[in-house]
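What follows is each chain in one-letter form.
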Amino acid sequence: KSRGVGTAVAVVVVVVVGKMASGGEAPESWYLALLGFAEHFRTSSPPKIRLCVHCLQAVFQFKPPQRVEARTHLQLGSVLYHHTKNSDLARNHLEQAWMVSQQVPQFEDVKFEAASLLSELYCQQNSVDSAKPLLRKAIQISQQTPYWHCRLLFQLAQLHTLEKDLVSACDLLGVGAEYARVVGSEYTRALFLLSKGMAQLLLMERKLQEVHPLLTLCGQIVENWQGNPIQKESLRVFFLVLQVTHYLDAGQVKSVKPCLKQLQQCIQTISTLHDDEILPSNPADLFHWLPKEHMCVLVYLVTVMHSMQAGYLEKAQKYTDKALMQLEKLKMLDCSPILSSFQVILLEHIIMCRLVTGHKATALQEISQVCQLCQQSPRLFSNHAAQLHTLLGLYCISVNCMDNAEAQFTTALRLTTHQELWTFIVTNLASVYIREGNRHQELYSLLERINPDHNFPVSSHCLRAAAFYIRGLLSFFQGRYNEAKRFLRETLKMSNAEDLNRLTACSLVLLGHIFYVLGNHRESNNMVVPAMQLASKIPDMSVQLWSSALLKDLNKACGNTIDAHEAAQMHQNFSQQLLQDHIAACSLPEHNLISWTDGAPPVQFQAQNGPTTSLASLL
């Protein structure tokens, strides 16, 4: 019935406009009337998209001039693309708009908007091979139109980035930076150069020697540029985010603090500024990096990353809560894919925090939440599948499911080309082999590839320190205590230099254990007491459990009965907390995720009767 009403309304519209046309009205009159009707239907509450489309389609009945024909095809394609699932019809109209507009002189806006939107639709339909030549041709013929030339360069660079062709993306962004310089837009030149720096940081081979001078140049351009305050501050946020990310990738948690503080001050400044309604005089300046609200979430995110690496886990929790709260508000109004990416990365970090602080059940539920987010977006899953399996591997270690941990880490290694993530996974897989005690060949093969003394695969200070710790752990289990002490002292030296608190705590307690085995109780106590203090501050449940067990034995051996009893009580409390959390986690239906190693994450989980794993190695 409603369909009949809609058709009747459309007929009335066509009849009215037809009378205008036959009555000798100028083409602009009937065209504007149809546009007015179409816009009325599009902006109705709720929108009447079918009627909007009828009005626009009616334009073609009057055999309009090419300019009107091309613009109407663009409008129809845009409405169908954004408001319906009829992507094939949208594609047809956008292709017509692109083809016809090229025959009309001085029709740049329609021509290049059609190219931009059509290439976006091609990508959505997995026709990337159609999108790239279209964008290249549009870039080639848009050099006299600065805004569109820059926008299309950004779009093609983004497409190469999504395909993980970062070398091509860097080349295009370099071309854009030079073009912006020629047309006198230092602001957009900075955007291109900062984007190029971001792409270089993502490169597998890193090209760190190229990143340093590029970031230096960007810093100079940003500080020297005088223009819209909110644009200037957004450039500073972009620049500082890159600097902070660069330090964190290098595992330099202490060195990054001044930059992180500047970034936090900068986002406070930008949140107080009002958007300037005055448009820039240079059309090449008509760009912005991110909305203020998105930048705020991003600053929370890098703060969480820093807190996680440094071992300030309560601080990481606080900023994660703030960021997720803001994300939920934004996602109610904005369906931008970057918000889901932010959410997944935040969850990935807080999951690792939960595992350290002894909240495995909560971590498992958050892993399941990441799975659900990735189910909604194939691209998100493709970008985060390796991280998901890595998190499941870490969870498996925490509940002593070593076979499953190995399977998860092996799957993650197969799915990643990211060198830092690869090294992190290998380090944790090596710890699994050490605990199993009978995987010597596989273990030595791994350790050759992450040898911290020479040819370490990445420049990360944090990961190299962790590799020394793994060597120390292996030497301890093999009874080679002097060698273990050498490796662990190297870990301590590196972790103290960059405030890597968790590695420091782990190294101290392991050194304390070695001295206890060697009968040097005083030196053991000198290691275990600060380990316990640091672990309590983090808080790291496993290190606290380990430290309390050692303190109990140390005090007992030294005849300190009261202290031994106190340590035994602490050990009992930690054991009970871990046991209860262990039972809760293994009883969750999501625990079945530990068996998932192939394809998309499972949609449903079946409940388990109870835990099937042993706590013997933990207690």
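If you're wondering where the values come from, they're calculated on a predicted model, not measured in any experiment.

Participant: What am I meant to see in the overall build of the chain here?
Facilitator: When helices and strands are tallied, the chain shows 27 helices and 0 strands. Referenced to the eigenvectors of the C-alpha coordinate spread, the extents of the chain come out at roughly 110 × 60 × 45 Å. For the chain, the proportion of its 619 residues judged to be buried stands at 52%. Once local pairs closer than 6 in sequence are excluded, the contacts in the chain between residues at least 24 apart make up 63%. Roughly 28900 Å² of accessible area belongs to the chain as shown, and the carbon and sulfur atoms make up 52% of that amount. Taking the average location of the 52 positive side-chain charges in the chain and that of its 51 negative ones, the two points are 1 Å from each other.

Participant: Hey, could you run me through the side chain of serine 195 in this one?
Facilitator: In this structure, serine 195 sits in helix 10 (residues 186-202). Under the relative-accessibility criterion, serine 195 is labelled buried at 13%. Within polar-contact distance, the side chain of serine 195 engages the backbone oxygen of leucine 191 at 2.7 Å. If sequence neighbours within four positions are ignored, serine 195 has contacts with Phe154, Leu173 and Phe238.

Participant: Sorry if this is basic, but what is going on with the packing of helix 22 (residues 461-477) against helix 23 (residues 481-497) here?
Facilitator: Helix packing geometry: the angle between the two helix axes and the distance between the axes. Relative to each other, helix 22 and helix 23 sit at 160°, their axes nearing to 8 Å. Judged by the inter-axis angle, helix 22 sits roughly antiparallel to helix 23. Here helix 22 and helix 23 pass one another in a crossing that is left-handed. Where helix 22 approaches helix 23, its residues His461, Arg464, Ala465, Phe468, Tyr469, Arg471, Gly472, Ser475 and Phe476 are matched on the opposing element by Tyr481, Glu483, Ala484, Phe487, Leu488, Glu490, Thr491, Met494 and Ala497.

Participant: I keep staring at the packing of aromatic side chains and nothing clicks. Help me out?
Facilitator: For any pair of aromatic rings, the description rests on two quantities: the centre-to-centre distance and the angle between the ring planes. For the structure on display, the rule yields 12 aromatic pairs. Summarising the aromatic geometry, the rings of tyrosine 300 and tyrosine 319 are spaced 5.9 Å apart at their centres and angled 40° between planes, so their arrangement reads as tilted. In this pair, tyrosine 300 is assigned in helix 14 (residues 292-310) and tyrosine 319 in helix 15 (residues 313-333), connecting sequence segments 19 residues apart. Look at phenylalanine 468 and phenylalanine 487: their rings are 6.4 Å apart centre to centre, the planes differ by 35°, and that puts the pair in the tilted class.

Participant: I would appreciate a short explanation of the nonpolar core in the present structure.
Facilitator: In summary, soluble globular proteins display a tendency toward joint burial of nonpolar side chains. Within the largest apolar cluster, 210 residues are counted, with the highest numbers of intra-cluster contacts made by Leu263, Trp289 and Tyr395. Look past the residues within four positions of leucine 263 in its chain and what remains in contact with it is Val237, Leu240, Val241, Val244, Val299 and Val302.

Participant: Where do I start with the pattern of salt bridges in this structure?
Facilitator: In a structure, side chains of opposite charge can pair up when their charged atoms sit close to one another. Applying the stated rule across the entire model yields 17 salt bridges. The closest approach of N and O atoms between glutamate 163 and lysine 132, which form a salt bridge, is 3.0 Å. One end of the pair, glutamate 163, is in the loop between helix 8 (146-162) and helix 9 (166-182); the other, lysine 132, is in helix 7 (residues 128-140), with 31 residues separating them in the sequence. Relative accessible area serves as the criterion here: at 38%, glutamate 163 is assigned to the partly exposed category. Its relative accessible area of 14% is what places lysine 132 among the buried residues. In this structure, aspartate 581 and lysine 360 form a salt bridge, with 3.3 Å as the shortest nitrogen-oxygen distance. With aspartate 581 in helix 27 (residues 561-587) and lysine 360 in helix 17 (residues 360-375), the pair connects residues that are 221 residues apart, well separated along the chain.

Participant: Help me understand unusual backbone geometry, please; the structure alone is not making it clear to me.
Facilitator: Of all residues except glycine, most have a negative phi; of all peptide bonds, most are trans. Residue proline 46 is bonded to the preceding serine 45 through a cis peptide linkage, with omega at 0°. Residue placement: proline 46 occurs in the loop between helix 2 (27-42) and helix 3 (49-58). In this structure, the amide linkage connecting isoleucine 538 to the following residue, proline 539, adopts the cis form with an omega of -10°. Here lysine 63, not a glycine, exhibits a phi torsion of approximately 45°, which is positive. When you line up the elements, lysine 63 lands in the loop between helix 3 and helix 4 (66-83). For lysine 63, a relative accessible area of 72% puts it in the exposed group. A positive phi angle, close to 55°, is found at aspartate 499, a residue other than glycine.

Reading the values: rules and limits
- Residues numbered from 1 in each chain as written.
- Predicted model: local features only at pLDDT ≥ 70, side-chain atom pairs only at ≥ 80, totals over all residues.
- Heavy atoms only, no water.
- Helix = DSSP H or I, 4+ residues; strand = E, 2+ residues; numbered from the N terminus.
- Buried < 20%, exposed > 50% of the residue type's maximum accessible area, 1.4 Å probe, protein only.
- Contact = heavy atoms within 4.5 Å.
- Areas by Shrake-Rupley, 256 points an atom, 1.4 Å probe, with all protein chains shown as cover.
- Lys, Arg positive; Asp, Glu negative; His and termini not counted.
- Charge placed at Lys NZ, Arg CZ, Asp CG, Glu CD.
- Polar contact = N/O pair within 3.5 Å; in protein donor to acceptor, adjacent residues only side chain to side chain.
- Axes fitted to C-alpha atoms, helices over the stretch in contact; angles between N-to-C directions.
- Parallel < 35°, antiparallel > 145°, perpendicular 65-115°, else oblique.
- Left-handed = near helix turned anticlockwise from the far one by under 90°.
- Phe/Tyr/Trp six-rings, centres within 6.5 Å; stacked < 30°, edge-to-face > 60°.
- Core = buried A, V, L, I, M, F, W, Y, C linked by side-chain atoms within 4.5 Å.
- Salt bridge = Lys/Arg side-chain N within 4 Å of Asp/Glu carboxyl O.

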